[in-house]
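Chain by chain, the residues run as shown.
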Amino acid sequence: MATTVQNFIKFANFYNQMAKTMSAICVSKGGIPMEKYVGRFFAADVLEFVVEYGERLLKSKKDVAPDVVSVIDMFKKQLAGVKEWVTSSQKPIYEMSLEEFERAMNI
């Protein structure tokens, strides 16, 4: 998949929709804090992926719009706040082959 601004926007929109849905789930389950919601790990991994994709986009393209750069910076700040939730691995999940991912997940 080519690293493009349109793909970044799609990933960013997915993350934002997921965050809204997670917030609604937490409210519907009695107002549990996001720090105790089981899906927080997946959300942190998705956010990590979005940030890395944005950084690669900045490296590969010289003509990224300033508003896209500000969104990437905003996601970086969010990731810094939830860095302890990210799945640890020898290699980031977005760089793993399918076999490495299956081995890491014990599938």
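Residues numbered from 1 in each chain as written. Predicted model: local features only at pLDDT ≥ 70, side-chain atom pairs only at ≥ 80, totals over all residues. Heavy atoms only, no water.

S.K.: Is there a simple way to explain the nonpolar core in this structure?
M.R.: Buried together is how nonpolar side chains tend to be arranged in soluble globular proteins. Grouped together as the largest cluster of nonpolar side chains are 23 residues, with contacts concentrated most on Phe8, Tyr15, Leu47 and Phe75. Elements with a contribution of two residues or more to this core: helix H1 (5-28), helix H2 (40-60) and helix H3 (66-81). A total of eight residues in this core trace back to one element, the largest contributor, which is H2. (Core = buried A, V, L, I, M, F, W, Y, C linked by side-chain atoms within 4.5 Å. Buried < 20%, exposed > 50% of the residue type's maximum accessible area, 1.4 Å probe, protein only. Helix = DSSP H or I, 4+ residues; strand = E, 2+ residues; numbered from the N terminus.)

S.K.: What is the right way to look at the environment of Val46 in this model?
M.R.: Residue placement: Val46 occurs in helix H2. Val46 sits 32 residues away from Phe14 along the chain, and the two C-alpha atoms are 9.1 Å apart. If we skip the residues at most four places from it in the chain, Val46 touches Phe14, Tyr15 and Met18. (Contact = heavy atoms within 4.5 Å.)

S.K.: Any chance you could explain the packing of aromatic side chains here in plain terms?
M.R.: Within a pair of aromatic rings, the relevant descriptors are the distance that separates the centres and the angle that separates the planes. This structure, assessed with the given rule, holds five aromatic pairs. Aromatic pair Phe8 and Phe75: ring centres 6.4 Å apart, planes at 70°, arrangement edge-to-face. Within this pair, whereas Phe8 is found in helix H1, its partner Phe75 is found in helix H3, the two being separated by 67 residues in sequence. Comparing Phe8 with Phe75 shows no difference in burial state: the two are buried. Judged by centre distance (5.0 Å) and plane angle (90°), the ring pair of Phe11 and Phe49 falls under edge-to-face. Placement of the pair is Phe11 in helix H1 and Phe49 in helix H2, with a sequence separation of 38 residues. By relative accessible area, which is 22% here, Phe11 ends up partly exposed. Every member of this aromatic cluster is reached through a ring pair, and the members are Phe8, Tyr15 and Phe75. (Phe/Tyr/Trp six-rings, centres within 6.5 Å; stacked < 30°, edge-to-face > 60°.)

S.K.: Looking at this structure, I do not really get the side chain of Asn7. What am I missing?
M.R.: Topologically, Asn7 is positioned in helix H1. Overall, the relative accessible area of 16% leaves Asn7 in the buried class. A distance of 3.5 Å separates a polar atom in the side chain of Asn7 from a polar atom in the side chain of Tyr53. (Polar contact = N/O pair within 3.5 Å; in protein donor to acceptor, adjacent residues only side chain to side chain.)

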